[in-house]
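# Results of the structural survey
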Amino acid sequence: MGADRERLKVLAERMSAPGAKTAVFTGAGMSTESGLSDFRSKDGLWGKLDPMELATATAMRHNYGEFHKFYSNRFVQMEQALPNDGHRILADWESRGLVSCIITQNIDGLHAAAGSSVIYELHGSVGRVRCMDCGNPATRADFIDLKPCKSCGGRLRPGVVLFEEGLPSDALDSSWSASEEAAVFIVLGSSLQVSPANQMPAIAKRAGAFLAICNRDVTPLDGMADYRTNEGIGEFLKELDSVIGD
Ligand code: ZN
């Protein structure tokens, strides 16, 4: 019990205030407690493979074999992952009116699996496979099995944003608006090193939001945060949940 606990109480009060909107921003760290690899930490996925060679639009066009192998492996890993306590607490908070939206960099679909419904997926989702050429939707199993597009015979691709591609404008627009309107902005498991991820918390903060950051490693926005912790996300959310109470 100390200054941190006092700040946590302020955070809980802001979230519980009538009409207050809380936006939650999640990155790869959100899913590590579900057993999925982190991207940028030393033992993360990017440490072993070069994403600049595999998760790119260039690889998809010119090295489809390796590209397909990389995403098939990720899909299989993601299919085995289950939502963790953190995902479940966020879904519960949404149902209690404590969270208005989740902005996520994750493509694993675990927020939806936990029961959250207002989710802005900045990097798309593994669930939405489509044809590279005509955009016709297909299933994840079709992609893994290397089936051609049923409409034009083209190759299939995951519905995720690759390096060299732009972010989906609808998810992006909704996220900017949510950042501006937020009374509370909570960052969970993102190193905040990539644009626009690093801009959304700053915009929220400038618009008057209480900014909380829970991330294992330091982030460029730590100095701006009203509450900062490097504890595990599940641990942090459980603690905050107990301060919020019923
Ligand atoms: Zn097609």
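Computed from a predicted structure; not experimentally measured.

## Considering the domain arrangement of the protein chain
With domains assigned, the protein chain is organised as domain 1 (1–36 + 83–123 + 169–246) and domain 2 (38–80 + 128–160). Relative to domain 2, the C-alpha centre of domain 1 lies at a distance of 28 Å. Between domain 1 and domain 2, the contact holds 14 residues from the first and eleven residues from the second. Where domain 1 abuts domain 2, roughly 960 Å² becomes buried across the two surfaces, and 59% of that area is made up of carbon and sulfur atoms.

## What about the sheet that holds strand β6 (residues 156–157)?
Across the sheet, which stays open at both edges, the three strands sit in the order β5-β4-β6 with antiparallel pairing between neighbours. Where the open sheet ends on each side, the last strands, each with one partner, are β5 (137–138) and β6. Note that strand β4 (residues 129–131) and β5 share two bridges and pair antiparallel. Paired with V129 across the bridge in β5 is A138.

## Quick look at the pattern of salt bridges
Counted according to the given criterion, the structure contains 15 salt bridges. The partner of D85 in a salt bridge is R88, and the shortest N-O contact between them spans 2.9 Å. On the criterion of helical spacing, the pair formed by D85 and R88 is a turn pair, its members being three residues apart in helix α7 (residues 85–95). Where E121 meets R128, a salt bridge forms, and the shortest distance between an N and an O atom there is 2.9 Å. A residue is classified by how much of its surface remains accessible, and E121, at 17% relative accessible area, is buried. Residue R128 is classed as partly exposed on the basis of its relative accessible area, which comes to 48%. Here the residues in one salt-bridge network are D85, R88 and K238, joined through shared partners.

## With respect to the coordination of the zinc ion
When four donors bind a metal tetrahedrally, each ideal donor-metal-donor angle is 109.5 degrees, and when six bind octahedrally, the ideal angles are 90 or 180 degrees. Of the protein atoms, only C131 (SG), C134 (SG), C149 (SG) and C152 (SG) coordinate the zinc ion, at distances of 2.3 to 2.4 Å. Considering all four donor atoms around the zinc ion, the spread of angles at the metal, 104 to 116 degrees, places the coordination shape in the tetrahedral class. Within one chain, the residues donating to the zinc ion are spaced in sequence as C-x2-C-x14-C-x2-C. Residue C131 is located in strand β4, and its partner C149 is located in the loop between α9 (140–144) and β6; the two are separated by 18 residues in the primary sequence. For the residue pair C131 and C149, the accessibility class agrees, reading buried in each case.

## Describing the sheet that holds strand β7 (residues 184–188)
Read from one edge to the other, the open sheet built from six strands follows the order β3-β2-β1-β7-β8-β9, with strand pairing classed as parallel. Of all the strands in the sheet, just β3 (119–121) and β9 (227–229) have a single pairing partner and so form its edges. Neighbouring strand axes in the sheet, compared pairwise and without regard to direction, differ in orientation by 15 degrees on average. Pairing analysis gives five bridges linking β7 to strand β8 (residues 210–214), with the strands arranged parallel. Directly across from V184, in β8, lies its bridge partner F210. Here helix α10 (residues 169–181) sits on the sheet in contact with β1 (22–26), β2 (101–104), β3 and β7, set at roughly 125 degrees to β3.

## Here's the deal with the environment of M52
Looking at the secondary structure, you find M52 in helix α4 (residues 51–54). The class of M52 is exposed, set by a relative accessible area of 52%. Residues M52 and E164 lie 112 residues apart in sequence; the distance between their C-alpha atoms is 9.5 Å.

## Describing the packing of aromatic side chains
A ring pair, where both rings are aromatic, is described by two values, the distance of the centres and the angle of the planes. As enumerated under the stated definition, the model contains seven aromatic pairs in all. Measuring from centroid to centroid gives 5.7 Å for Y227 and F236, while their planes differ by 20 degrees, and the two rings are stacked. Using a relative accessible area of 4% as the deciding quantity, one classes Y227 as buried.

Thresholds, definitions, all that
Residues numbered from 1 in each chain as written. Predicted model: local features only at pLDDT ≥ 70, side-chain atom pairs only at ≥ 80, totals over all residues. Heavy atoms only, no water. Domains from an automatic or database assignment. Contact = heavy atoms within 4.5 Å. Buried area = accessible area lost by both parts, 1.4 Å probe. Pairing = 2+ DSSP bridges. Helix = DSSP H or I, 4+ residues; strand = E, 2+ residues; numbered from the N terminus. Salt bridge = Lys/Arg side-chain N within 4 Å of Asp/Glu carboxyl O. Buried < 20%, exposed > 50% of the residue type's maximum accessible area, 1.4 Å probe, protein only. Donors = N, O, S within 2.8 Å, 3.2 Å for Na, K, Ca; no water. Tetrahedral: all angles 85-135°; square planar, octahedral: opposite > 155°, others 65-115°. Axes fitted to C-alpha atoms, helices over the stretch in contact; angles between N-to-C directions. Phe/Tyr/Trp six-rings, centres within 6.5 Å; stacked < 30°, edge-to-face > 60°.

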